[in-house]
Amino acid sequence: MSRTVAFLGLGHMGLPMAANLVKAGHRVRAYDLVPAALDGAVTAGAERAASAPDAVADAEIVVTMLPAGRHVLALYDDILTAARPGTLFVDCSTIDVADARTAHERARAAGMRALDAPVSGGVVGAEAATLTFMAGGGEDEFAEARPLLDIMGKKAVHCGGPGAGQAAKICNNMILGVSMIAVSEAFVLGESLGLSHQALYEVASMASGQCWALSVNCPVPGPVPTSPANRDYRPGFAASLMAKDLGLAANALREGGVHAELGRKAAELYAAYAERVGDSEDFSGIVRTIRDQSGEAT
Ligand code: NAD
């Protein structure tokens, strides 16, 4: 069934996601503050909306893909009154759990329905329609969004009520950030002990050290030819995005009074690393910082 979808936020992720909805036969009303981003969506077959309220006016489903919670809440203030009652608002941005819950409340108060549905899989996954969606909200809202999520991705998990999708996203990425640091420290320790990268990889990837950070995104060149380390750490998953997600995890740890020393430390290390390299390096490049600092310590 073809739906009328408003798509707001047509950046690195939003543009290919919107293009996949167009390709599947949906009517997409597009809007972005940046004219070049909006032009890209129009080239992909979406309709150009004159403003965000114009985009949502006759939409059945509104998808947002924005940088952070403050953008989502500010935009919701503009568009919740412009949509038809009962419209489903699906926010795919990665934002604070508290902001996501506020977005749900504001949508409900305005007579709308809402789902938080952040993604993993990056730009490559957005282009290839292989994203994983983690959704929070009601069963009915998830069921209604599902056909669109299935077009833009390969897996969609209903994680629970409002904010549960964002919660799953930051918990997963906290595991990833901590495990990438652990794997990187192990390689640098191995170097100092005269152990080759290949030998450590062959043992750990088959033993209890096995994890995605090692066996898919291996932070040293050689053992996994497709990992960013083999192309001078070009992303991949940019350091700045890992720092952002760990910052959201650190906020949630603080607000929940959760004692998680490694999660907090990983957020600190990635914030400092991303300040230097921004989005120019994959997050696995932190191995070089660990190596450089080890050199300074000896
Ligand atoms: P991006 O900065 O490339 O795109 C965001 C777009 O939102 C921009 O084009 C911007 O102009 C637009 N925008 C901002 N405010 C707006 C408003 N009020 N109205 C309309 N448009 C507005 O960011 P991205 O890389 O596409 O990421 C989007 C979200 O997805 C972020 O929350 C990010 O954390 C998350 N995410 C990104 C990746 C990735 O690899 N890039 C992976 C997973 C999740």
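Please refer to the structure higher up on the page.
Values in this document were obtained by computation on a predicted structure and should not be read as measured data.

Calculation rules
- All chains use their own residue numbering, which begins from 1 and follows the written sequence.
- Two thresholds apply to this predicted model, a pLDDT of at least 70 for residue-level local features and 80 or more for giving and counting side-chain atom pairs, whereas whole-chain, interface and lining totals are computed over all residues.
- Remark: hydrogens and water are excluded; side-chain values derive from all non-hydrogen atoms of the structure.
- A pair of Phe, Tyr and Trp rings is counted when the ring centres sit within 6.5 Å of each other, with Trp represented by its six-membered ring. The angle between the planes then sorts it: under 30 degrees is stacked, over 60 is edge-to-face, the rest tilted.
- Each helix is a run of DSSP H or I of at least 4 residues and each strand a run of E of at least 2, with the numbering of both proceeding from the N terminus.
- For every residue, the accessible area obtained with a 1.4 Å probe (protein chains only) is divided by the maximum for its type, and the residue is called buried under 20%, exposed over 50%, and partly exposed between those limits.
- When a carboxyl oxygen of Asp or Glu lies within 4 Å of a side-chain nitrogen of Lys or Arg, that pair is called a salt bridge.
- Contact between two residues is taken to exist if any of their heavy atoms lie within 4.5 Å; hydrogens are not considered.
- Polar contact is defined as a pair of N or O atoms within 3.5 Å, subject to the rule that within protein one atom must be able to donate a hydrogen and the other to accept it, and that residues adjacent in sequence are counted only when both atoms are side-chain atoms.

Thoughts on the packing of aromatic side chains
Piece 1. Scanning the entire structure with this criterion turns up four aromatic pairs.
Piece 2. Ring geometry for Y76 versus F89: centroids 5.4 Å apart, planes at 70°, classification edge-to-face. Linking Y76 in helix α4 (residues 69–79) with F89 in strand β5 (residues 88–91), this pair joins segments that are 13 residues apart in sequence.
Piece 3. Note on F89: relative accessible area 0%, which makes it buried.
Piece 4. Ring geometry for Y270 versus F283: centroids 6.2 Å apart, planes at 40°, classification tilted. Of this pair, Y270 sits in helix α12 (residues 261–277) while F283 sits in the loop between α12 and α13 (286–297), and the two are 13 residues apart along the sequence. When sorted by exposure, Y270 lands in the same class as F283, which is buried.
Piece 5. Ring pairs connect the aromatic residues F237, Y270, Y273 and F283, which therefore count as one cluster.

Topic: the pattern of salt bridges
Piece 1. A complete count under the given rule lists 15 salt bridges for this structure.
Piece 2. Between R29 and D54 there is a salt bridge; the shortest N-O distance is 3.2 Å. One end of the pair, R29, is in strand β2 (residues 27–31); the other, D54, is in helix α3 (residues 52–56), and 25 residues separate them in sequence.
Piece 3. Given the relative accessible area of 29%, D54 is considered partly exposed.
Piece 4. Overlapping salt bridges bring together R27, R29, E47, D54 and D58 as one network.

A few points about the environment of D91
Piece 1. Along the chain, D91 turns up in strand β5.
Piece 2. Taking the C-alpha atoms as reference points, D91 and A114, 23 residues apart in sequence, are found 7.9 Å from one another.
Piece 3. Every residue in contact with D91, bar those within four places of it in the chain, is listed here: T64, V72, Y76, L115, D116, A117, P118 and Q166.
Piece 4. At a separation of 2.8 Å, a polar atom in the side chain of D91 contacts the side chain of T64.

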